[in-house]
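A structural walkthrough
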Amino acid sequence: MAMTTNDETGAGIGTCAPLLEIATPDVYARNPFRVLGAGVGSSIRDVQREQQRRAMQEKLGVATGPADSALFPVADDPDVQRAALEALARPIDRLLAELFWFWPLDGDDAARDALADGALEGARGAWEAALESEPAVARHNLAVLHHALALEAGSARRTDAERNDAGPALEHAALALEHWSAVVDDEDF
């Protein structure tokens, strides 16, 4: 991590060039775990095996099942998938990808299942229920969810009318900020 200085105060400010590179409105759309339909605990080998399985199922005309949701679709472009695999092989890129993706809850992860089914409210409810038992993971996932929803609400993929209604984007942005703030203040995190 490179250190720079704030000219006004002379205080050191830590900057991480890879973080600044991914800090764009499509931070979640380009996330390697989203692109590959993989969980943050997946190894490169696990991801490759899953890709081979999906390719075989597609070749055989067999449904692959819910690997993603409407908001978080798995990429089907081989070049994009290859770049995502390469990113996961680089430690700093993998760390940042993990930071900006959903972490598993211990045990039966109803939130993961709800997310895979496209039931964002179900995932949110599961994480809110887990705030007492697994606060660090639950808060992190709520921050990621609301941050992604805020960015999606303002994205170019929305109609003009949807983008002009700033209410949902602002509501999700406020919740994301609240959860990210709690995550940063959490010693367990």
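The text that follows walks through the structure, step by step, so that each part is easy to find.

About the thresholds
- Residues numbered from 1 in each chain as written.
- Predicted model: local features only at pLDDT ≥ 70, side-chain atom pairs only at ≥ 80, totals over all residues.
- Heavy atoms only, no water.
- Axes fitted to C-alpha atoms, helices over the stretch in contact; angles between N-to-C directions.
- Helix = DSSP H or I, 4+ residues; strand = E, 2+ residues; numbered from the N terminus.
- Parallel < 35°, antiparallel > 145°, perpendicular 65-115°, else oblique.
- Contact = heavy atoms within 4.5 Å.
- Nonpolar A, V, L, I, M, F, W, Y, C, P; charged D, E, K, R; others polar.
- Core = buried A, V, L, I, M, F, W, Y, C linked by side-chain atoms within 4.5 Å.
- Buried < 20%, exposed > 50% of the residue type's maximum accessible area, 1.4 Å probe, protein only.
- Salt bridge = Lys/Arg side-chain N within 4 Å of Asp/Glu carboxyl O.
- Left-handed = near helix turned anticlockwise from the far one by under 90°.
- Phe/Tyr/Trp six-rings, centres within 6.5 Å; stacked < 30°, edge-to-face > 60°.

1. Description of the packing of helix α4 (residues 78–89) against helix α5 (residues 91–99)
- Relative orientation of the contacting elements α4 and α5 amounts to 105°, with a least axis distance of 5 Å. Viewed along their axes, α4 and α5 adopt a mutual orientation that is roughly perpendicular. Contacts between α4 and α5 involve Ala 87, Leu 88 and Ala 89 from the first element and Pro 91, Asp 93, Arg 94 and Ala 97 from the second.
- Broken down by class, the residue content of the contact of α4 with α5 amounts to five nonpolar, no polar and two charged.

2. Some remarks on the nonpolar core
- Counting 36 residues, the largest nonpolar core has Tyr 28, Phe 33, Leu 36, Phe 102, Trp 127 and Trp 180 as its most contacted members.
- Listing elements by their share of this core, those giving two or more residues are α2 (32–36), α4, α6 (110–116), α7 (120–129), α8 (135–153) and α10 (167–185).
- When residues in this core are grouped by element, the largest group, eight residues, is from α8.
- In this structure Trp 180 touches Tyr 28, Leu 99, Phe 100, His 140, Ala 143, Val 144 and His 147, once residues within four positions along its chain are discounted.

3. As for the environment of Leu 142
- Turning to its location among the elements, Leu 142 is positioned in helix α8.
- The spacing of Leu 142 and Trp 127 is 15 residues in sequence and 6.7 Å in space, taken between C-alpha atoms.
- Setting aside residues up to four positions removed in sequence, Leu 142 forms contacts with Arg 124, Trp 127, Glu 128, Leu 131 and His 179.

4. A word on the pattern of salt bridges
- If you walk through the whole model with that rule in mind, you get nine salt bridges.
- For Arg 90, the salt bridge goes to Asp 93, with nearest N and O atoms at 2.4 Å.
- Salt-bridge contacts for Arg 94 lead to Glu 98; the nearest nitrogen and oxygen are separated by 2.8 Å. One end of the pair, Arg 94, and the other, Glu 98, are both in helix α5, four residues apart, so they sit about a helical turn from each other.
- The exposure class of Arg 94 is buried, given its relative accessible area of 17%.
- On the basis of relative accessibility, which here comes to 22%, the residue Glu 98 falls in the partly exposed class.

5. Description of the packing of helix α3 (residues 44–60) against α4
- Put simply, α3 and α4 touch, their axes get as near as 10 Å, and they point 165° apart. Between α3 and α4, the angle falls in the class roughly antiparallel. You can see that α3 and α4 cross each other, and the crossing is right-handed. Contacts between α3 and α4 involve Ile 44, Val 47, Gln 48 and Gln 51 from the former and Gln 81, Leu 85, Leu 88 and Ala 89 from the latter.
- Considering only residue class, the contact of α3 with α4 consists of five nonpolar, three polar and no charged.

6. Some words on the packing of aromatic side chains
- By the definition in use, this model includes five aromatic pairs.
- On the numbers, 6.1 Å between centres and 70° between planes, the contact of Tyr 28 with Phe 100 is edge-to-face. Taken together, the residues Tyr 28 in the loop between α1 (17–22) and α2 and Phe 100 in the loop between α5 and α6 connect sequence positions 72 residues apart. Summarising the burial analysis for this pair, Tyr 28 and Phe 100 share the class buried.
- Pairwise contacts between aromatic rings join Tyr 28, Phe 100 and Trp 180 into one cluster.

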